[in-house]
Amino acid sequence: MALVKKGSRHITVDGITYRWRLRGRPTYGQGMVWSPLTYAVEHADNPGTTLVVTTDQPHPSNWIGSPAVPVLPSDVATGIRTALTRGWSPTTPGSPFPLDQSEGFAPFH
């Protein structure tokens, strides 16, 4: 699963460059604040397995008006480092690597 280049951003973590991207528009579940914001990360030069990080925040463009905090580059760097310690191999082909950081997310009912 390759990351769409349009709208992606570069980040360098521990000397390695990655690209990351979050959806501009929320999925239906994210729009209704039933599910949290996710973003994807891949190695910039030799993409293999994509990292998919589930945050504990609603999507900033949710339809309910629930307050959301933007994903900062420091958050992405922390997610990358955490995934690497948990076995993510960004240059090896394979299925997306999920990293669930959604503890504390409160869905809208």
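Let us look at the structure shown here. Computed from a prediction, not measured in an experiment: that's the story for all the values here. (Residues numbered from 1 in each chain as written. Predicted model: local features only at pLDDT ≥ 70, side-chain atom pairs only at ≥ 80, totals over all residues. Heavy atoms only, no water.)

Digging into the sheet that holds strand E2 (residues 16-22)
- If you trace the five strands from one edge of the open sheet to the other, you get E1-E2-E3-E4-E5, paired in mixed fashion. Every other strand in the sheet has two partners, leaving strand E1 (9-13) and strand E5 (97-100) as the edge strands with one partner each. Neighbouring strand axes in the sheet, compared pairwise and without regard to direction, differ in orientation by 30° on average.
- Bridging between E1 and E2 involves five bridges; their strand directions are antiparallel. Of the residues in E2, the one forming a bridge with Val13 is Ile16.
- Packed onto the sheet, helix H2 (residues 73-85) meets E1, E2, strand E3 (38-43), strand E4 (51-54) and E5 and runs at close to 55° relative to E1. (Pairing = 2+ DSSP bridges. Helix = DSSP H or I, 4+ residues; strand = E, 2+ residues; numbered from the N terminus. Axes fitted to C-alpha atoms, helices over the stretch in contact; angles between N-to-C directions. Contact = heavy atoms within 4.5 Å.)

Thoughts on the pattern of salt bridges
- As enumerated under the stated definition, the model contains two salt bridges in all.
- Between Arg81 and Asp14 there is a salt bridge, with the nearest N and O atoms lying 3.2 Å from each other. Here the residue Arg81 occupies a position in helix H2, and Asp14 occupies one in the loop between E1 and E2, the gap between them amounting to 67 residues.
- Between Arg19 and Glu42 there is a salt bridge, with its nearest N and O atoms 2.4 Å apart. A residue pair is termed long-range when its members are at least 10 positions apart, and Arg19 in strand E2 and Glu42 in strand E3 qualify at 23 residues. (Salt bridge = Lys/Arg side-chain N within 4 Å of Asp/Glu carboxyl O.)

Just distances and angles here, no functional claims.
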